[in-house]
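Close look at the chain arrangement
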Amino acid sequence: HPGMCKADFAFGAIVEGCGAMIRWNRFHEGAAAMIRLNGNDLMLASNVFERCDYEAGDMGVIDIYANPTHASRIIHNLFRDCGSGEHGFVDAGQAAIRFDDAVCNQIVYGNRFENCSPHGDQEWGFGCLNMNGGRNNTVENNLFVGGWRLASITAWPQKKWTGYLANKHVRETISEVDWKGPLYASRYP
């Protein structure tokens, strides 16, 4: 998307695999997404995110992308003044947390969002939490203070899911996990 980011950026952390935890950290003054989560049983807990994702759009401070087999927990974090677009060149949505393209099985619990959805006048204005597709995501006991929109959710009809899962790249990506097997199915019903 042409409005994604006018500046170069790198994630503050990319967490992959199974069972990793990021907690008790302060992330601040990040021009774009701070953390990408790729895996299962990942936990992001008790962190502070301040003034992050202020130069990039079509993403979140916490960004999880395009794999329906991943499952993470994002609990008890503080997001403050994220996604400001203050430099005037962001023309796509910004979120504190973004589940983009078929992200499933995420838990968002007990977080505080302060002034994290600034773009009510934009066509692509995201909420503090943005979900594009995906199923079985749980959002409970969060506090939203200020901002334009709490959440923005795009539900995918079955036809979209069928087309998405037929994509060669997606099939290769999800084949890394035995998501049809009994172990995965019992852990992530």
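From a predicted model like this one, the values you see are computed outputs, not experimental measurements.

A few words on the side chain of D63. Looking at the element boundaries, D63 is found in strand β6 (residues 59-65). At 3.0 Å, the side chain of D63 forms a polar contact with the backbone nitrogen of G60. Those residues within four positions of D63 in sequence are excluded, and the remaining contacts are F11, A33, I35, R36, L37 and R98.

Ordered by their spatial adjacency, five strands build an open sheet running β3-β5-β8-β11-β14, and the pairing between neighbours is parallel. At either margin of the open sheet sits one strand with a lone partner, and together these are β3 (26-30) and β14 (143-145). Strand after strand, the sheet turns through a mean of 10 degrees between neighbouring axes, direction not considered. Here three bridges tie strand β11 (residues 112-114) to β14, and the two strands are oriented parallel to one another. Across the sheet, the residue bridging to R112 is L143, located in β14.

This part is about the nonpolar core. Grouped together as the largest cluster of nonpolar side chains are 27 residues, with contacts concentrated most on I35, F49, I62, F79, I97 and F99. Counting only elements with at least two residues in this core, the list comes to β1 (13-18), β4 (35-45), β5 (48-52), β6, β9 (94-100) and β12 (129-132). Here this core takes four residues from β4, the largest share from any one element. In this view, I97 contacts I62, I74, F79, V108, F113, C128, L129 and N130; residues no more than four positions away in its chain are not counted. A66, W156, W161 and V170 belong to the second largest nonpolar core, which has seven residues in total.

Okay, the side chain of N77 next. With respect to the element layout, N77 can be found in the loop between β7 (71-75) and β8 (78-80). Residues within four places of N77 in sequence aside, it is in contact with L44, A45, S46, N47, F49, G110, N111 and R112.

Now for the layout of surface pockets. Taken as a whole, the largest pocket encloses approximately 360 Å³ of empty space. In this structure, the largest pocket is lined by 15 residues; those nearest its centre are P68, C104, N105, W179 and Y184. Listing elements by their share of the lining of the largest pocket, those giving two or more residues are α1 (158-166) and α3 (182-187). Take the lining of the largest pocket: its biggest share by element is three residues, from α1. In this structure, the second largest pocket spans a volume of roughly 170 Å³. As for the second largest pocket, its lining consists of 13 residues, and the residues nearest its centre are A71, S72, N105, I107 and Y188. Secondary-structure elements contributing two or more residues to the lining of the second largest pocket are β4 and β7.

The rules behind these values
- Residues numbered from 1 in each chain as written.
- Predicted model: local features only at pLDDT ≥ 70, side-chain atom pairs only at ≥ 80, totals over all residues.
- Heavy atoms only, no water.
- Helix = DSSP H or I, 4+ residues; strand = E, 2+ residues; numbered from the N terminus.
- Polar contact = N/O pair within 3.5 Å; in protein donor to acceptor, adjacent residues only side chain to side chain.
- Contact = heavy atoms within 4.5 Å.
- Pairing = 2+ DSSP bridges.
- Axes fitted to C-alpha atoms, helices over the stretch in contact; angles between N-to-C directions.
- Core = buried A, V, L, I, M, F, W, Y, C linked by side-chain atoms within 4.5 Å.
- Buried < 20%, exposed > 50% of the residue type's maximum accessible area, 1.4 Å probe, protein only.
- 1 Å grid on protein atoms, 1.4 Å probe; cavity = no way out; pocket = protein on both sides within 12 Å on 5 of 7 lines; lining within 4 Å.
- Points joined across faces, edges and corners; volume = space filled by probe spheres on them.

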